[in-house]
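Take a look at the letters that make up each chain.
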Amino acid sequence: MRKETICVQAGWQPKKGEPRVLPIYQSTTFKYETSEQMGKLFDLEESGYFYTRLQNPTNDCVAAKICELEGGVAAMLTSSGQAANYYAIFNICETGDHVILSSTVYGGTFNLVAVTMKKMGIECTVINPDAPDEEFDAAFRDNTKCVLAETVANPALVVLDIERIAKIAHRHGVPLIVDNTFATPINCNPFQWGADIVTHSTTKYMDGHAMTVGGAIVDSGNFDWTRYPDKYPGLCKPDESYHGVVYTERFQKGAYITKATVQLMRDLGSIQSPQNAFLLNVGLETLPLRMERHCANAQAVAEYLEKHPKVAWVNYPGLKGNKYHELAKKYMPNGSCGVISFGLKGGRKAASDMMDHFKLAAIVTHVADARTCVLHPASHTHRQMTDEQLLEAGVAPDLIRFSVGLEHIEDIIADLEQALACI
Ligand code: PLP
């Protein structure tokens, strides 16, 4: 099936007399008839639902749809994108291990890995995703367990050379984890290019209406953990907390997601609520239509801004002169995302002033919404920083992040036009 069809048809498959629309299984628990039936579930001998913290049928249907969209073998939902990235890493790392992190990842992911996971004894090396192979090679250590980067970085809009980084990761015997939030599986399937695990903040385009916070992890099933049993003991050696089960032996290609579900979700509990999964599923049904419009609108906005006399620079991979234009064409021939950034000739002050003149674009910290939204990091998320500190953090003081929505393009441009006229 093509992606448009998967988005509408995959996941929930009603049988005779069952509801056409995915039901919300609003139940914490599930009933069994014999003690033995329940016991087998706890021994992981049979699959079945028993407690929503581990698995819920509504969530599983939505995870199955995302899995199919990404071309993976298994997937799970999490309560947020943060939880997805945390679980994706922590599923194969423990105290004393090391991770390689792209320097352009979303700030929340950076904090998660470089600050919070450090406190858990997991070290990281931060590296520019454009760094030459030799620099990457030098970053690997014996205890390196994975590389994490974003397909299209938020908010830097750096496009990852997935094929190159996957090859580097694989020659060091570790998987590449790609956060595919901005591109979505509609515009890019990182598994096609060698990525091993994909994560999502479903809060963004997948939901698309700014209604639910959520995340997802998808496994390609391609990384052979059993080649490195000493490096990935959590997957290849007995789990005493599950009567000595060896995930790779019992679940083969399902090992990674099964472990993350029955062990990490059991112990850490960052589940997505079935209500949110239901809303996410509604969002997924229109994802291909929305991505097409988000990208077309963003392209038109970027081209308009590029010509405006008050605009100093525009960053959007769809622009011909953009540093990442060729990579974007290779990995995302139908468009990258709906987020652009630009700066004003009047600098930080002009950018800050412009914020108050938008009528249609709303000032919010969110991106990837049906409604156009805008943020000036120097006045909002990074407001405590001086211009020098902002530049060090890779955020230009005049940078305006503009998440182009689904409104009519002429109305979006008219809003920009009138706001620019006011400064
Ligand atoms: N990954 C990316 C690329 C993001 O942009 C975000 C949030 O903006 C996250 C992860 C975190 O997701 P969430 O806010 O759903 O926890």
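Residues numbered from 1 in each chain as written. Predicted model: local features only at pLDDT ≥ 70, side-chain atom pairs only at ≥ 80, totals over all residues. Heavy atoms only, no water.

A. Molecular detail of the sheet that holds strand β3 (residues 123-127). Taken together, seven strands build an open sheet; the order of strands is β1-β7-β6-β5-β4-β2-β3 and the sheet is mixed. Sheet topology places β1 (74-78) and β3 at the edges, where each strand pairs with a single neighbour. On average, each strand axis in the sheet is tilted by 20° relative to the strand beside it, whichever way the strands run. As paired strands, β1 and strand β7 (residues 215-219) are joined by five bridges and run antiparallel to one another. What sits directly across from Leu 77, in β7, is Ala 216. Sitting on the sheet, helix α3 (residues 57-70) is in contact with β1, β6 (197-201) and β7, with an inclination near 125° to β1. (Pairing = 2+ DSSP bridges. Helix = DSSP H or I, 4+ residues; strand = E, 2+ residues; numbered from the N terminus. Axes fitted to C-alpha atoms, helices over the stretch in contact; angles between N-to-C directions. Contact = heavy atoms within 4.5 Å.)

B. Region of interest: the environment of Ala 75. Relative to the elements of secondary structure, Ala 75 occurs in strand β1. With relative accessibility at 19%, the residue Ala 75 sits in the buried group. Spatially, the C-alpha atoms of Ala 75 and Met 206 are 15 Å apart, while their sequence positions differ by 131 residues. Residues contacting Ala 75, with those up to four places away along its chain left out, are Ala 63, Cys 67, Ile 217, Val 218 and Ile 257. (Buried < 20%, exposed > 50% of the residue type's maximum accessible area, 1.4 Å probe, protein only.)

C. Examining the site of the ligand more closely. Neighbouring the ligand are 15 residues; Asn 154, Asp 179, Ser 201, Thr 203 and Lys 204 lie closest to it. The side chain of Asp 179 places a nitrogen or oxygen atom 2.6 Å from a nitrogen atom of the ligand. Within the side chain of Ser 201, an N or O atom sits 2.8 Å from an oxygen atom of the ligand. Within the complex, 91% of the 390 Å² of free accessible area of the ligand lies under protein. Broken down by element, the shell around the ligand gets its largest block of residues, three residues, from helix α4 (residues 81-90). Each residue belonging to the shell around the ligand can be placed in one class, and the counts come to three nonpolar, nine polar and three charged. (Near = heavy atom within 4 Å. Polar contact = N/O pair within 3.5 Å; in protein donor to acceptor, adjacent residues only side chain to side chain. Areas by Shrake-Rupley, 256 points an atom, 1.4 Å probe, with all protein chains shown as cover. Nonpolar A, V, L, I, M, F, W, Y, C, P; charged D, E, K, R; others polar.)

D. Representation of the sheet that holds strand β12 (residues 400-403) within the structure. Pairing is mixed across the open sheet formed by five strands, whose spatial order is β8-β9-β12-β11-β10. At either end of the open sheet lies a strand with only one pairing partner, and these are β8 (311-315) and β10 (362-363). Where helix α15 (residues 347-355) meets the sheet, it contacts β9 (339-344), β10, β11 (373-375) and β12, and its direction lies at approximately 125° from that of β9.

E. Structural detail: the packing of α4 against helix α5 (residues 107-119). In the contact formed by α4 and α5, the axes pass within 10 Å of each other and the chain directions differ by 45°. As summarised for this structure, α4 and α5 are arranged oblique, according to the angle between their axes. For the crossing formed where α4 meets α5, the hand is right-handed. Side by side, α4 and α5 meet where Gln 82, Asn 85, Tyr 86, Ile 89 and Phe 90 of the first sit next to Gly 108, Thr 109, Leu 112, Val 113 and Met 117 of the second. Residues of the contact of α4 with α5, tallied by class, amount to six nonpolar, four polar and no charged. (Parallel < 35°, antiparallel > 145°, perpendicular 65-115°, else oblique. Left-handed = near helix turned anticlockwise from the far one by under 90°.)

F. Summary view of the environment of Met 355. Mapping Met 355 onto the fold places it in helix α15. The exposure class assigned to Met 355 is buried, which follows from its relative accessible area of 4%. With 315 residues separating them in the primary sequence, Met 355 and Lys 40 have C-alpha atoms 59 Å apart. When sequence neighbours within four positions are dropped, the list of residues in contact with Met 355 reads Ile 363, Val 374, Leu 375, His 376, His 380 and Ile 400.

G. Seen up close, the side chain of Ser 80. Structurally, Ser 80 is set in the loop between β1 and α4. From its side chain, Ser 80 meets the backbone nitrogen of Gln 82 in a polar contact 3.4 Å long. Not counting the four nearest positions on each side in its chain, Ser 80 is found in contact with Val 213, Gly 214 and Gly 215.

H. Structural context of the pattern of salt bridges. Counted under the stated rule, the structure contains 14 salt bridges. Salt-bridge contacts for Asp 130 lead to Lys 323; the nearest nitrogen and oxygen are separated by 3.3 Å. With Asp 130 in the loop between β3 and α6 (133-139) and Lys 323 in the loop between β8 and α14 (325-331), the pair connects residues that are 193 residues apart, well separated along the chain. In this structure Asp 130 comes out as partly exposed when scored by relative accessible area, which is 31%. Of the charged contacts in the structure, one is a salt bridge between Asp 387 and Arg 348, with a shortest N-O distance of 2.5 Å. Linking Asp 387 in helix α16 (residues 387-392) with Arg 348 in helix α15, this pair joins segments that are 39 residues apart in sequence. Judged by its relative accessible area of 31%, Asp 387 falls in the partly exposed class. Judged by its relative accessible area of 23%, Arg 348 falls in the partly exposed class. (Salt bridge = Lys/Arg side-chain N within 4 Å of Asp/Glu carboxyl O.)

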